[in-house]
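One letter stands for each residue in the lines below.
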Amino acid sequence: MDSREEFLASEVKPLKQQLEATYETFQQEHERELAEAVDEAAAPEDLSPVYYKVTIVVLLLLVITGFGWG
């Protein structure tokens, strides 16, 4: 190796290591965000029990009203 090649190698090696470290950090962050998105998508919607009770009451009123008109 001549001095020019040695110089380039000494400049490229730290840049390569920095690039690899940055890519690894990016990949870990991406995997973490992806896992959070999957967990969020798989989690059930938080619906209040009151919502269910109101829905049942409304449906019962519709059924009773339907029998009254029928």
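Attention in this report is confined to the structure presented alongside it.

Parameters and conventions
Residues numbered from 1 in each chain as written. Predicted model: local features only at pLDDT ≥ 70, side-chain atom pairs only at ≥ 80, totals over all residues. Heavy atoms only, no water. Helix = DSSP H or I, 4+ residues; strand = E, 2+ residues; numbered from the N terminus. Rg over C-alpha atoms; globule rule 2.2 N^0.38 Å. Buried < 20%, exposed > 50% of the residue type's maximum accessible area, 1.4 Å probe, protein only. Lys, Arg positive; Asp, Glu negative; His and termini not counted. Charge placed at Lys NZ, Arg CZ, Asp CG, Glu CD. Patch = residues over 30% accessible without salt bridge, like charges linked within 9 Å, V, L, I, M, F, W, Y side chains within 5 Å. Areas by Shrake-Rupley, 256 points an atom, 1.4 Å probe, with all protein chains shown as cover. Salt bridge = Lys/Arg side-chain N within 4 Å of Asp/Glu carboxyl O.

**A closer look at the overall build of the protein chain**
Working step 1: A tally of helices and strands in the protein chain yields two helices and zero strands.
Working step 2: Taking 11 Å as the expected radius of gyration for a compact globule of 70 residues, we find that the protein chain reaches 31 Å, considerably beyond that expectation.
Working step 3: For the protein chain, the C-alpha atoms occupy an extent of roughly 100 × 20 × 10 Å along the three principal directions.
Working step 4: Looking at the 70 residues of the protein chain, the share that counts as buried comes to 0%.
Working step 5: Once the 5 positive and 14 negative side-chain charges of the protein chain are each reduced to a mean point, those two points are 2 Å apart.

**Some words on a nonpolar patch on the surface**
Working step 1: A cluster of nonpolar residues, Val50, Val54, Val58, Leu59 and Leu62, forms a patch on the protein surface that exposes about 460 Å² of accessible area.
Working step 2: Residue position: Val54 is located in helix α2 (residues 49-69).

**Some thoughts on the pattern of salt bridges**
Working step 1: Evaluated as defined, the whole model comprises two salt bridges.
Working step 2: Close ionic contact of Glu29 with Arg32 constitutes a salt bridge, the shortest N to O distance being 2.4 Å. Linking Glu29 with Arg32, this pair stays in helix α1 (residues 3-42), spanning three residues, or about one helical turn.
Working step 3: Residue Glu29 is classed as partly exposed on the basis of its relative accessible area of 33%.
Working step 4: A relative accessible area of 39% means that Arg32 is categorised as partly exposed.
Working step 5: Here Arg32 ties to Glu36 by a salt bridge, and the two come within 2.5 Å at their closest N and O atoms. A residue pair is termed a helical-turn pair when its members lie 3 or 4 positions apart in one helix, as Arg32 and Glu36 do in helix α1 at four residues.
Working step 6: The structure contains a network of salt bridges with shared partners spanning Glu29, Arg32 and Glu36.

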